[in-house]
Structure formats: C-alpha cells, structure tokens
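Reading the structure
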Amino acid sequence: MEFVPPPPVHRVLCADCGTPIVPNSANLCVACLRNTVDITEGIPKQASVSYCRNCERFLSPPSTWTIARPESQELLAICLKKLKGLNKVRLTEAHFIWTEPHSKRLRVSLTIQKEVLTSTILEQVFEIEYLVQYGQCPDCTKLAAKNTWKALVQVRQKVPHKRTFLFLEQLILKHGAQKDTISVKEVRDGLDFFYSQRSHAQKMVEFLNGVVPVRSKASEQLLSTDTHTNTANFKYTYSVEIIPICKDDLVCIPPKLARQLSNISPLTICVRVGNSLHLMDPATLQVCELTSPVYWRSPFESLASVTDLVEFTVLDVEPSGATRGKWVLADAQVALSGAFRSHDADDGMDYESAMSSQIFHTRTHLGGILQPGDTAMGYFLTNANYNSDDFASLPAHRVPDIVLVKKAYPNRRKKNKPRAWKLRSMAKEAGEEGETGGGRGVVGRMGGRDQKKVEEDYELFLRELEEDEEMRGAVNLYRAKNEKPGSGSGLAGGKTRKKAQFAMEVDENAMEQDGAPAPAPEATDEEEEEPDFPDVKLDELLEDFDEMTLEEA
C-alpha cells in the first residue's frame, strides 16, 4: 500500500506581527484580530442590581420583584436583563464567579461570539461586575409606612378565653396563610389582619371558612374617586365571626333544632370543631354535625366551658357494648375527688361534706379510656345553675347528675417536667409584626390584667395538644432546645418550686447542737405517673431550622 501524502497547507504571514497563519479574509492572526476588533464594544462592564433586604427579593426589570438565591439561574437571568447590547452578539456561556457574601458584588463571566468579517467569527470571554444596591420594594414601603392597608379581616369570637385563637394561629402557620399579611393586631375579642390587596384578604376569609365554623360580612369605604377616568379607591373590611362554642363545651340544643338533627338529645358535648361542630350525646353515642348556616339561623350559647370542669374519681366502669370509633359506651360510678377522706371530729356534717361522700351513677362515652381509680373531668350538673330556657325545659329524668368529658392526669401535672416540644408564633415580640418566631406574640399583646388569664389559656391549650392526638396532627410541633430545668407543665408556665433551694441553706449540724429538730425532708410525690399519659413522640416533632446556627467544634 503506497503512502499518499496529505495536501500541503499553505501559510501566510500576519499583516501586523508576521506570525505564520492559515490564510483568512483579514490576513490577521487571532491575537491581532482581537486587538483590532472589540466585539464587546457596546456592552457595559459594570452594572447594578436592586435588592430589598426586608423581603429578600431582587428587581427583575422593569418592575417585577423576584426571590432569587445566590448564584441561581433566576439571579443570572436578572443580571443578563440589566445588560444592553447582548442582542447584537451570540451568548454561548454565562456563569458566576465566586465573591465574598458581604462584599455586595456579583461577578459574571460571559462568553460571546460575533462575525467580524466575511465568514470570520470571533469568540471572546470577559467579566462583568454588578453592584448590589439596597432598596425597598413597593410592598415593603407600604409596610414601613403606617395605615397603608387596603383590606382588613376582623376575626371575632365572643368567648371569655383565647384558646380558639391560639389554635387558629397554629393552623395559619402550618398552611402558610400569613405570608401576605402586613400586620396583625390584637383586639378585645379577636384579631385583626391587615393586607395590601383585596385579593389577599379574600384568600384569608376563604381559609377561615375551611378550618373553623364562621359567618362573614363584607363592607367597603370610598376614599377617593376620579370622575374623568371613572376610577375609585376603596378600603375593604371583612368581618368574620366564629361560632362561640369550643371543644369539650356542654351544649343544650334548642328542642326544635334537636329534632331536625336526627332527633338527638338536647344535652350534648362538643367533641370536635372543624368547619362545622360535631356534637355527641354521651348517653347514647349519637353524633350530629351542626354546620355554620344552620347554627346562625337559630344561634345559641354553650352552658359551660372547660373552666367549669370538676375533678372526679372513677370507682367502677362497666362497658355496655355499644361503640362508635374510639368511644365506648359504659356505665360508671364516680365520686368527687378527695371523697371518703377522714374529717375532724369538730367538723359538722354540712351539705358539702355529705355531697362529697356521695357516689354518682352516670353513663359515659369514655368506657374504652377510663379504668377504676382514674381521674376524670366532668360537669357537675347537680350543683349547677344555668341561665338557659332550653335547659330549664328539659325533663328532670333526662338531666344526668354528672357528664364526664375527658380523662385527667393529676399525678403527671404535679411534676414540673419540661416539655420536649414547642410552638411557633406569627410574631416574636409585639413590635415585630408579620414575622414568625418561637415566642408567643400575637395573642396576649394587650397585657395588663388579662395577661395572667392568657397564660392560663395557653397552658390549657398545650395540655389539649398533649392529650388529643387528632388535634396534634393539625399543627406543627417543633423540637425544643435549651429547655430551662424548671420550665415544666405546671399552670401558668410551670414555675419552679423554691422550697428546696432555701432548705439547702440550713446548717443541720448547728441545729442538732442547739437541740432543735432537724428539718423534715421535702415530701416527694409517692404517686406513680399514669402509664397511659399521652406523651408526644419524637417522630411528631419538626426541626426549627430558623434557629440553627453553626457552632465551633
């Protein structure tokens, strides 16, 4: 096989530097061609981008504010939009060059191509530096100014406690319904949510209709009008009222409405509150659903709330066989907590002592939960006096002496054990509106004489979360960090006992020398904890990533 030499390559000298090159139309080498023709002419080498520090958004020309992470494709697109003259060249590659995060500089490397002479395409790589300029977007500007809201949602519930709004706050946080709220204000019977657009307020009203039983009413106020362009400026207000019946409340349904609700017994307990009320007769396990429109046609109030519950001791429980879900119908014998205790001889047999030693027979829906010796909370109807015509019209044989509501755990509550979980709030402090944090700032800002009541309501709300698994599933629980050793589950924050602290300061040896008796050791709780106490499991907790920081090893 004969060797065939390749065709000879003819070379010419560059017209400027004399380097041998392949002939081209310009007769110039690449280096001389770049020195002669600059394809980046007309493209600025420095530019600026606007950044809002409040909402962490960049300005995407002409007037759109976009959330973009550092060195992301979205931020690169915003940077390229700020350049003029890119439409005259062909962009082949663009990427970020690393800079210090606090330098307020962005460096972008671009690779472009352009035809400079006939069938001669030149490629060039160059850098562009962007200066990050801090500013405020229009939404944050309105937020910084006072009274610039355009829509207002007034949420009200005429009840003497705040537990409903504590639960509603957790629902709003879990579903992210607070992201468009510019501020939140607490008033006497509820909360006010302020918005910059009417559509945001309407979205909040629709969210409330889906999670709690409410009725709403809309109104508008004319601020200004222009007859030439036929435009007007309004402020919109939405009034939302929540049904004043809460979970575990004792309810007496009007007889006419009870007959419409599958002829249920008028004396019922509210076992669940969603976008409708679920009422149950504890004597028959019959359940009815009361929707918001039906309730507001003939409204009524609850006879008693959770604050009126009395503690009872279960003596005997005998299930009757009927069941509905987790509820089991049973006949129970109960007595007031502390009954059958020994009294002093000087004490007379008054009415209260005779009532405390009496055994009551009742029918309850807690047959699958209660055991003899347990403690239960219920309504003591024998000693109650309710201002209700519907309750007074009930026959005496249909009114039980006691209505048990839920099981209690007194032995566990006596021990101030810290909770391994916590909740988040829509504001850390009273002044930080529109943010989320680990503190409790939305409900309870008014302070004053109501602050202690709010603390008690918050503790009762935490207990309800512990004892109701279904209610826990509707909110987000976060893992607590750096718990204080004395912060427990006692009432009003679980304050620590200081008796043991001062007892350690006593010099026992000196007291023995003086002949004084040594101080008796502090009494310990001999009662064992309830084995079925509903502890919150670790897999139900979420990590609070907003508080995570890098620590030195």
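All of the points below concern the structure found in this document. If you're wondering where the values come from, they're calculated on a predicted model, not measured in any experiment.

So, how was this worked out
- Residues numbered from 1 in each chain as written.
- Predicted model: local features only at pLDDT ≥ 70, side-chain atom pairs only at ≥ 80, totals over all residues.
- Heavy atoms only, no water.
- Helix = DSSP H or I, 4+ residues; strand = E, 2+ residues; numbered from the N terminus.
- Buried < 20%, exposed > 50% of the residue type's maximum accessible area, 1.4 Å probe, protein only.
- Contact = heavy atoms within 4.5 Å.
- Areas by Shrake-Rupley, 256 points an atom, 1.4 Å probe, with all protein chains shown as cover.
- Salt bridge = Lys/Arg side-chain N within 4 Å of Asp/Glu carboxyl O.
- Pairing = 2+ DSSP bridges.
- Axes fitted to C-alpha atoms, helices over the stretch in contact; angles between N-to-C directions.
- Phe/Tyr/Trp six-rings, centres within 6.5 Å; stacked < 30°, edge-to-face > 60°.
- Arc of directions from axis to C-beta.
- Core = buried A, V, L, I, M, F, W, Y, C linked by side-chain atoms within 4.5 Å.
- Polar contact = N/O pair within 3.5 Å; in protein donor to acceptor, adjacent residues only side chain to side chain.

**Concerning the overall build of the chain**
For the chain, the count of helices and strands is 14 helices and 26 strands. By the burial criterion, 40% of the 553 residues in the chain qualify as buried. Sequence-distant contacts, at least 24 apart, represent 65% of the contacts inside the chain between residues at least 6 apart. Total accessible area on the chain stands at roughly 33100 Å², and carbon and sulfur atoms take up 49% of it.

**What about the pattern of salt bridges?**
In this structure the tally under the stated criterion is 15 salt bridges. Note that Glu-129 and Arg-105 form a salt bridge whose closest N and O atoms lie 3.7 Å from each other. Here Glu-129, found in strand S8 (residues 120-135), pairs with Arg-105, found in strand S7 (residues 105-117); they are 24 residues apart in sequence, far enough to count as distant. Taking relative accessible area as the criterion, Glu-129 reaches 30% and is therefore assigned partly exposed. The salt bridge partner of Asp-331 is Arg-363, with a shortest N-O separation of 3.0 Å. One end of the pair, Asp-331, is in strand S20 (residues 327-336); the other, Arg-363, is in strand S21 (residues 360-364), and 32 residues separate them in sequence. Through salt bridges with shared partners, one network takes in Arg-419, Glu-459, Arg-463 and Glu-466.

**Points about the sheet that holds strand S4 (residues 57-60)**
Spatially, the six strands line up as an open sheet ordered S5-S4-S3-S8-S7-S6, and their pairing is mixed. Every interior strand has two partners, whereas the edge strands, strand S5 (64-66) and strand S6 (90-97), have only one. The sheet shows a mean angle of 35° between the axes of neighbouring strands, taken without regard to direction.

**Brief notes about the environment of Ser-388**
Inspection of the secondary structure puts Ser-388 in the loop between strand S22 (375-380) and helix H9 (389-392). In sequence terms Ser-388 and Pro-254 are 134 residues apart; their C-alpha atoms lie 10.0 Å from each other.

**Digging into the environment of Ser-302**
Within the secondary structure, Ser-302 sits in strand S18 (residues 302-304). For the pair Ser-302 and Cys-252, spaced 50 residues apart in sequence, the C-alpha separation works out to 6.8 Å. With sequence-adjacent residues up to four places away left out, Ser-302 is seen in contact with Pro-244, Ile-245, Asp-249, Leu-250 and Val-251.

**Focus: the pairing of strand S12 (residues 214-226)**
In this structure, S12 lies alongside strand S13 (residues 231-242), joined through twelve bridges in antiparallel fashion. Within S13, the position partnered with Val-214 by the bridge is Ile-242. Taking the residues that link successive antiparallel strands as the turn, the S12-S13 hairpin has four residues, and the phi of Asn-230 there is positive, at about 55°.

**Quick notes on the packing of aromatic side chains**
Within the structure shown, the criterion is met by ten aromatic pairs. The interplanar angle of 45° and the centroid separation of 4.7 Å between the aromatic rings of Tyr-51 and Phe-58 together place this pair among those described as tilted. With a relative accessible area of 9%, Phe-58 lands in the buried category. Ring centres of Phe-234 and Tyr-236 lie 6.0 Å apart, and the angle between their planes is 35°; on these two criteria the pair is classed as tilted.

**Quick notes on the side chain of Lys-162**
Position of Lys-162 among the secondary structure elements: in the loop between strand S9 (151-156) and helix H4 (163-175). In this structure Lys-162 touches Glu-186, Val-187, Arg-188, Asp-189, Gly-190, Val-443, Val-454 and Asp-457, once residues within four positions along its chain are discounted.

**Some points on the sheet that holds strand S23 (residues 402-408)**
One open sheet accounts for five strands, arranged S21-S20-S19-S22-S23; its pairing is antiparallel. One side of each edge strand has no neighbouring strand; the edge strands of this open sheet are S21 and S23. Adjacent strand axes in the sheet meet at a mean angle of 40°, parallel and antiparallel pairs treated alike.

**Things to note about helix H2 (residues 73-81)**
Since the α-helix turns once every 3.6 residues, residues separated by three or four places project in the same direction. Looking at H2, one finds that the buried residues are Leu-75, Leu-76, Ile-78 and Cys-79. One face of H2 carries all of its buried residues, which in axial projection span an arc of 160°. Counted as exposed and oriented over 90 degrees from the buried face of H2: Gln-73 and Lys-81. Along its buried surface, H2 packs onto strand S3 (46-52), S4, S5, S6, S7 and S8.

**Some points on unusual backbone geometry**
Here the residue pair Pro-61 and Pro-62 is connected by a cis peptide bond, since its omega of 5° sits within 30 degrees of zero. Relative to the assigned elements, Pro-62 resides in the loop between S4 and S5. One non-glycine residue with positive phi stands out, namely Lys-104, at about 55°. In this fold, Lys-104 is placed in the loop between S6 and S7. Residue class for Lys-104 comes out partly exposed when judged on its relative accessible area of 37%. Although it is not a glycine, Asn-263 adopts a positive phi angle of roughly 55°.

**Concerning the nonpolar core**
One finds Val-153, Leu-168, Phe-193 and Leu-208 to be the most contacted residues of the largest nonpolar core, which totals 39 residues. Among the elements of the structure, S9, H4, strand S11 (190-195), helix H5 (198-211), S13 and helix H11 (451-467) are those that each provide at least two residues to this core. Considering each element in turn, this core owes the most residues, seven residues, to H4. Setting aside residues up to four positions removed in sequence, Leu-168 forms contacts with Val-155, Leu-208, Val-211, Val-212 and Ile-242.

**Concerning the environment of His-161**
Note on placement: His-161 falls in the loop between S9 and H4. Residues His-161 and Asp-457, 296 residues apart in the sequence, show an inter-C-alpha distance of 6.5 Å. For His-161, the side chain forms a polar contact with the main-chain nitrogen of Arg-163, separated by 3.3 Å.

**Some remarks on the pairing of S21**
By the alternation rule, side chains of S21 split into Phe-360, Thr-362 and Thr-364, which are all buried, and His-361 and Arg-363, of which none is buried. Direction of pairing for S20 relative to S21: antiparallel, over a ladder of five bridges. Looking at S21, one finds that Ala-330 is bridged to Thr-364.

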